Amino acid sequence: MSETHTGFWRRYVFSTDHKTIGKQYYFTAMVMALFAAAWSMLLRLQLAWPQQTWPVLGKLFPGLYQDGVLLPERYLSLVTMHGTVMIFFVISLALVSGFGNFIIPLQIGARDMAYPFLNMLSYWTVVPACLIMLGSFFAPDGAAGSGWTAYPPLSALSEAAPGSGLGQTLWILAMALWIASFTMGGLNFITTILNLRTRGMSMRRMPLTVWTLFIASILGVLCFPALTAAAIMLLLDRVGATSFFLPSGLVVGGQLLSYRGGGGSPLLFQHLFWFLGHPEVYVLVLPALGIIFDVVAVGGRRPVFGYRTSIGALIVVAVLSMIVWGHHMFVSGMSPYVGEYFSVATVTITAPFAVLAMNLVASLWRAEIRLNTALLFALALIAAVGIGGIGGIFLATATSDIYLHNSYFVVGHFHLMIAVVTFFAIFAGTYHWFPKMFGRQMNETLGRLHFWLTVPAVIVGFVAMHLLGMGGEQRHLYDPTVYQFLRPIQWLNVFISIVLALAAAAQFIFLGNLFYSLVRGPVAASNPWAATTLEWSTPSPAPHGNWPGELPVAYRGPYEYRVDDSPEGYTPQHLPPSPAPGAVPVPV
Amino acid sequence: MSETRRQTPEIVALITLFLGITAFTVAGFAMDWMPPVASQHGVGVDRVIHYLLHATGPILVLGACVLMWFLWRYGRGRPTQAPHTSSRVEFWWSIAPVIGMMAVTEVGVVVKGLPVWEEIYAEPPADAVRIDVTAQQFEWLVRYPGPDGKFGRVAGDLVENTNPAGLDPKDSASHDDIVVRNQIHVPLGQPVYITLRGRDVLHSFSVPALRVKQDVVPGILNKVLFVATKPGRYEIACTQVCGMGHYRMHGAVYVDSPADYAAWLKQQTAWLQQQ
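Colleague: Please clarify how the overall build of chain A should be interpreted in this entry.
Modeller: Each helix and strand counted, chain A has 16 helices and 4 strands in total. For a compact globule of 588 residues, the expected C-alpha radius of gyration is about 25 Å, and chain A comes in at 24 Å, within 12% of that figure. Dimensions of chain A along its principal axes, counting C-alpha atoms only, are 85 × 55 × 50 Å. With 588 residues in all, chain A has 69% of them scored as buried.

Colleague: Before we go on, may I ask you to explain the domain arrangement of chain B in this structure?
Modeller: How big an interface is tends to be stated in terms of the accessible area lost upon association of its parts. Residue and element names in this part refer to chain B. According to the domain assignment, chain B consists of domain 1 (2-120) and domain 2 (129-274). Taking only C-alpha atoms, the centre of domain 1 and the centre of domain 2 are 43 Å apart. Counting residues at the interface gives 13 residues for domain 1 and 12 residues for domain 2. Carbon and sulfur atoms make up 50% of the area that domain 1 and domain 2 hide from each other, which totals about 980 Å². Here domain 1 and domain 2 share 1 salt bridge between them.

Colleague: Quick question: what am I supposed to make of the sheet that holds strand 3 (residues 178-181) of chain B here?
Modeller: Strand pairing in a sheet relies on backbone hydrogen bonds, with the paired strands running either antiparallel or parallel. Residues and elements named next belong to chain B. Spatial strand order, 3-2-1-5-8: 5 strands in an open sheet with mixed pairing. Of all strands in the sheet, those bounded by a partner on one side alone are strand 3 and strand 8 (222-227). Taking each pair of neighbouring strands and ignoring which way they run, the sheet shows an average axis angle of 25 degrees. Two elements, strand 1 (residues 129-136) and strand 2 (residues 139-144), share 5 bridges in a ladder whose sense is antiparallel. Residue pairing for strand 2: Gln-136 is matched across the bridge by Glu-139.

Colleague: How should the sheet that holds strand 9 (residues 232-238) of chain B be read in this particular structure?
Modeller: All names here are of chain B. Spatial ordering of the open sheet is given by 4-10-9-6-7, a layout of 5 strands whose pairing is mixed. This sheet does not close on itself; its edge strands, each paired only once, are strand 4 (183-187) and strand 7 (212-216). Strand-to-strand, the axes of this sheet are offset by a mean angle of 20 degrees, without reference to chain direction. Two strands pair when backbone bridges link them, and strand 6 (residues 203-207) and strand 9 are joined in this way by 2 bridges, in the antiparallel orientation. In the sheet register, Ser-206 faces strand 9, and the bridge partner there is Ala-237.

Colleague: Just to check I follow, could you spell out the environment of A:Leu320 for this structure?
Modeller: Residues and elements named next belong to chain A. Residue placement: Leu-320 occurs in helix 9 (residues 307-321). Through-space distance from the C-alpha of Leu-320 to that of Ala-288 is 18 Å; in sequence the pair is 32 residues apart. If we ignore the near neighbours within four places in the chain, the residues touching Leu-320 are Thr-348, Ile-349 and Pro-352.

Scoring rules and cut-offs
- Throughout, residues of each chain are indexed from 1 in the direction in which the sequence is written.
- Chains carry letters and ligands carry numbers; both start at the beginning, A for chains and 1 for ligands, and go up in the order they are written.
- The predicted nature of this model means local features are confined to residues of pLDDT at least 70 and side-chain atom pairs, given and counted, to a pLDDT of 80 or more, with totals for whole chains, interfaces and linings taken over all residues.
- Heavy atoms from the whole structure form the basis of all side-chain values; hydrogens and water molecules are not counted.
- Numbering of helices and strands runs from the N terminus; a helix is a DSSP stretch of H or I covering at least four residues, while a strand is a stretch of E covering at least two.
- Atoms counted for the radius of gyration: C-alpha only. Globule rule: 2.2 Å times the number of residues to the power 0.38.
- Burial status follows relative accessibility: with a 1.4 Å probe on protein chains alone, a residue under 20% of its type maximum counts as buried, one over 50% as exposed, and anything between as partly exposed.
- Throughout, the edges of the domains are those of an automatic or database domain assignment.
- In what follows, residue pairs with any heavy atoms lying within 4.5 Å of each other are defined as contacts.
- Defined here as a combined quantity, buried area equals the accessible surface (1.4 Å probe) lost by two parts on assembly, summed across both.
- By definition, a salt bridge exists where a carboxyl oxygen of Asp or Glu is found within 4 Å of a side-chain nitrogen of Lys or Arg.
- Strands are labelled as partners when DSSP assigns at least two bridges between them.
- A fitted line through C-alpha atoms serves as each axis, taken over the contacting stretch for helices, and the angle formed by two N-to-C directions is quoted from 0 to 180°.

What follows is the structure, encoded as structure tokens:
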């Protein structure tokens, strides 16, 4: 078990230690985030000033710009890659794979994951996926340009667009590797949580971070196979001249595609894609909420409000998320009766989701709030979840979606939910667990600066996108001023670009803080936040094998803050019940 | 507790931030951004959107108020009670949003939304003006049946530069078919029934002012039914990414008075006779 004698490669590169793998995922996600954020800035530049030429950018990115003008097909490649990379290679990697790997064994009292080798394999499968995805920009026709949803026929026919050449094939390949990696990780999470909990750590004593990661992993393992199948069929349509998603009689560029057999359906792909795609949203959002429950309990010095109702709501959300995928297809030509079913089913998710949001808010009731940067981001997340969640109702209602579908309302909505909410959780998690990960404290002043420069800007920016959508502006739009009816609201695009560019610049403060604290931060105590869960019962950073001696035993629930008369105001999970009167252990 | 008392200014700043965000959101949505509605069912679509705005706005404000109050009350180091919560309180705190959200949202979908949904997807009346629109990279080919009232056969293998719609000259019904590009003339106040054909990739036929949006899917005949209620020129946008020219795949619906519409139709010559 001991890795103290192993060399550099086994220790830092091909490590099987879940903490190292968690950090590898985390930093890989950071690198990918830099790319994806940079692409989004090029997009915002184009959207705000579509007629402007940018000679400097043209020199920097000769493949994207011609005479200082961003090419429309490269604009679509940038949109596609921004979405794909952010969802699958940044947020999934940092939030689920990164924090999940790092925190699950520590919070349930295990020495490592159930399958350490599989864990290493899952990380080293995602690395080539990242490289292929990034490398696809150098394909002869550029990177994939059919949107992150890759709807055929556009994504299936290389004749259809410059971005549908080799770039699209590489995109599918990278996604297939990503699914393989994520499935390995998900199985590992599920097995670890079911089998490796320490003595006393019943399911009802698990912190909500672990609960949400558990549910997210089950969702992922159940839903990803649908996209695997879709990806294989799409690949065959591209390279094997099959027609799973292609009807007969297609005419592209005036040419009849007579070599195609036909008989396929583009809608089939949409069903398969969203069968994964919608649960994937919850795979990202639920762990974000779990982390925030933990951070709010620590910062608010009180148990999470409604621990049991929250778990119930999480399970209901997860189950419902698997039967509502069709709300992405209200105007696709699907039967209107089916559409109405999906609408009714989708809005029922608002009920358990509202329970989660209300429980988060109520976790501040009778709290003793101690602000730190982690808690600040957690509070901002609650506000963002409120606005984002309500926006979703407009899109889930089929009749209003007729107007709002594929508009900037959608773009604003999903950025609030799976960009703002998840990134706030990543930030909160980072400020919260940094001491445990690296044995040092982050700088709180820089943390505050990061918070105040980021939060107002991103929320206002993405709420403004909703307004653009109310004005009728559609997404994937290279030049909004082509449309007369959009010209009066073009100032909103300028406003959004400026605000979001400021927010993006503020992330360098975060990165600076991260790397500065890594080297120069004050050495952290084992439990700097006076928290109760098991990861704080071991030294910071946690040693190989997680606990120097025996594994801790869980004697109580995860959030015992101010519930008995303990002089410290909290009772860690691993503390045995004292024989003194009044200290009643929570039954298993 | 002195440490938590020192954070009062930050708590005030935080409350101000949430106040600002909420005010920005409410003020933003209180403004009217939508292009003036110009169709019969569009009034219903707008009614659903306005219902949702009015029903969910107060929920957002209420939630923000509770959050801000908790910050103010429990964030300044003032003594608080022990945080014990009975399972009864937890139960009601959960039941309330379940009932509340279900009421608000299902009313939106079923009571307000469903009748409009049915109007949009209804069978076309016999007197509906029938138009056939083919979407292709990156234009809208608009076909009228001509004086015989019948659309001729079209086929993909007949498509060529001189025959973009792929009209079949052997079918007599296609001899008087009228084909125009990127403009659709429709009469005011009369039901219009458009069939949407795709032959290359996905597109989406969207006319924001008419509150019309329907994907164009190769292999499926999708339909759009609307009654225009205001004369004017309304832009068509493609709202499903379809390749490099997606952003400029636009056209216009011209809503004419019935007399103007008839006059316009009379001026058009059948496509096959132009050749």
